[in-house]
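Structural overview for review
Okay, here's what each chain looks like letter by letter:
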Amino acid sequence: MKLYTLGLYEKSMPNELSFREKLTYAREAGYDFLEMSIDETEEKLARLDWSVEKRASLVQDMYEAGLPIRTMCLSGHRKYPLGSSEESVRIRGMEIMEKAINLADDLGIRIIMLAGYDVYYEESSEFTKKMFEMNLRKAVDMAASRSILLGFETMETEFMNTVGKAMKYVQLMGSDYLGVYPDIGNITNAAKQYKTDVIEDLKSGSGRLLAMHLKETVPGKYREIPYGSGHVNFEEAIREAWRLGIRRYVTEFWYTGGGDWKEELRKANRMMTDILGRQAKEEEHAS
């Protein structure tokens, strides 16, 4: 058995592809699994209401394509945050949470990545933080009932842009079903902003790190930065993540139209597989 798994973010491929096609292209590019996106668009949120037949069909697609879906990026809470000052929005956010856990359970998804926001389109306040904490506790209990792991994504806003900030809520909840799913690009930006150390921030999550998003960034920009053109030290970050016990990784990048996107999948896979492969060999030699 390989000592790690490397996944591919769904949005790295054209949106019009079917899941069967996305799974096939991801496998052909060398990936071990696909990360599903449930973002704030109505198109993606509609997936939460798929019929039993649709869910079963997707599971069949996974088997026939030879690649599973094993993580979910749940960013729909940007529009319907758990800490919203509006009760109706909080209720919708919790409905999304419950449905996402049910969908993950039906599809065999192990980890749901939670967006680390109390709110996004409004000002954060003591009230929104209180509501976030209250609803987070309910979400963790729901996830625990299905043995689904929730992992905070370290985001681009002040509320939770470091592992250390995410750990505050992980420790507050005190549940084995809530951890941190750091985005190495985002915490690199935060380290530059605060003049702190990326590796020390990663270490602050020791024992509670579930997986890692491998994303490129530059100061002040958080998405659609091609690998190699930003400032993320993937070699150093993966080496430390490996030492801390992370064995599941996802290449997060976006299809933006044009170019040879299939080759981009392969290039990203080769880049990260080279780094991860070195960690695996070192571990094998050490044992």
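Preceding this paragraph is the structure being described.
Residues numbered from 1 in each chain as written. Predicted model: local features only at pLDDT ≥ 70, side-chain atom pairs only at ≥ 80, totals over all residues. Heavy atoms only, no water.

Some words on empty space enclosed by the protein
Under the criterion given, the structure shown has one cavity of 30 Å³ or more. Estimates place the volume of the largest cavity at around 60 Å³. Taken together, His-77, Pro-81, Leu-82, Leu-114, Ala-115, Tyr-117, Phe-132 and Phe-152 make up the full set of residues lining the largest cavity. Among the residues forming the lining of the largest cavity, the class breakdown is seven nonpolar, one polar and no charged. (1 Å grid on protein atoms, 1.4 Å probe; cavity = no way out; pocket = protein on both sides within 12 Å on 5 of 7 lines; lining within 4 Å. Points joined across faces, edges and corners; volume = space filled by probe spheres on them. Nonpolar A, V, L, I, M, F, W, Y, C, P; charged D, E, K, R; others polar.)

Focus: the pattern of salt bridges
Pairs can form between side chains of opposite charge whenever their charged atoms are close. Across all of its chains, the model carries 22 salt bridges by this definition. In this structure, Lys-22 and Glu-10 form a salt bridge, with 2.7 Å as the shortest nitrogen-oxygen distance. With Lys-22 in helix H1 (residues 19-28) and Glu-10 in the loop between strand S1 (5-9) and H1, the pair connects residues that are 12 residues apart, well separated along the chain. For the pair Lys-22 and Glu-10, one class covers both residues: buried. The partner of Lys-99 in a salt bridge is Asp-49, and the shortest N-O contact between them spans 2.8 Å. Pair noted here: Lys-99 is in helix H4 (residues 87-107) and Asp-49 is in the loop between helix H2 (42-45) and helix H3 (52-65), with a separation of 50 residues, a long-range link. Residue Asp-49 is classed as partly exposed on the basis of its relative accessible area of 49%. Among the charged side chains, a network of salt bridges with common partners joins Glu-10, Lys-22 and Arg-47. (Salt bridge = Lys/Arg side-chain N within 4 Å of Asp/Glu carboxyl O. Helix = DSSP H or I, 4+ residues; strand = E, 2+ residues; numbered from the N terminus. Buried < 20%, exposed > 50% of the residue type's maximum accessible area, 1.4 Å probe, protein only.)

Re the packing of aromatic side chains
One pass over the structure, following the stated rule, counts 14 aromatic pairs. Geometrically, the ring pair formed by Phe-132 and Phe-159 is edge-to-face, given 5.3 Å between the ring centres and 90° between the ring planes. Residue Phe-132 is located in helix H5 (residues 126-145), and its partner Phe-159 is located in the loop between strand S5 (149-153) and helix H6 (163-173); the two are separated by 27 residues in the primary sequence. One aromatic cluster is present, built from ring pairs that chain together Phe-132, Phe-152, Phe-159 and Tyr-169. (Phe/Tyr/Trp six-rings, centres within 6.5 Å; stacked < 30°, edge-to-face > 60°.)

Some thoughts on unusual backbone geometry
Non-glycine residue Ser-147 carries a positive phi angle of around 55°. Positive phi, normally seen in glycine, also occurs at Lys-195, with a value near 60°. Its location among the elements puts Lys-195 in the loop between helix H7 (184-194) and helix H8 (198-203). Among the residues examined, Lys-195 registers a relative accessible area of 75% and is labelled exposed.

Brief notes about H1
Residues of H1 that are buried include every one of Phe-19, Lys-22, Leu-23 and Ala-26, and no others. Taken around the axis of H1, the buried residues stretch over an arc of 100°, which confines them to a single face. Where H1 is buried, its residues meet S1, strand S2 (33-38), H3 and strand S3 (69-74). Looking one or two residues past H1, Gly-30 carries a phi angle of roughly 105°, positive in sign. (Arc of directions from axis to C-beta. Contact = heavy atoms within 4.5 Å.)

Some thoughts on the pairing of S3
Within S3, six of the six residues are buried, which leaves the element mostly enclosed by the surrounding structure. Crossover S3 to strand S4 (residues 111-115) through H4 is right-handed. (Right-handed = clockwise from strand over helix to strand, strands pointing away.)

Considerations on the sheet that holds strand S6 (residues 178-180)
Judged by pairing direction, the sheet is parallel, and its eight strands sit side by side in the order S6-S5-S4-S3-S2-S1-S8-S7 without closing on themselves. For this open sheet the edge positions go to S6 and strand S7 (212-214), each flanked by a neighbour on one side alone. Taking the axes of each pair of neighbouring strands and ignoring which way they run, one obtains an average angle of 30° across the sheet. Relative to the sheet, helix H9 (residues 234-243) contacts S7 and strand S8 (248-251), its axis offset from that of S7 by approximately 165°. Across the sheet, helix H10 (residues 261-286) lies against S1, S7 and S8, angled at about 150° from S1, the strand it touches most. (Pairing = 2+ DSSP bridges. Axes fitted to C-alpha atoms, helices over the stretch in contact; angles between N-to-C directions.)

Observations concerning the side chain of Glu-153
With respect to the element layout, Glu-153 can be found in strand S5. Here Glu-153 sits buried without a salt bridge, and the closest side chain of opposite charge, Lys-215, lies 5.1 Å off (N-O distance). Residues contacting Glu-153, with those up to four places away along its chain left out, are Cys-73, Met-113, Leu-114, Gly-116, Met-160, Tyr-181, Asp-183, Asn-186, His-213 and Glu-252. (Lys, Arg positive; Asp, Glu negative; His and termini not counted.)

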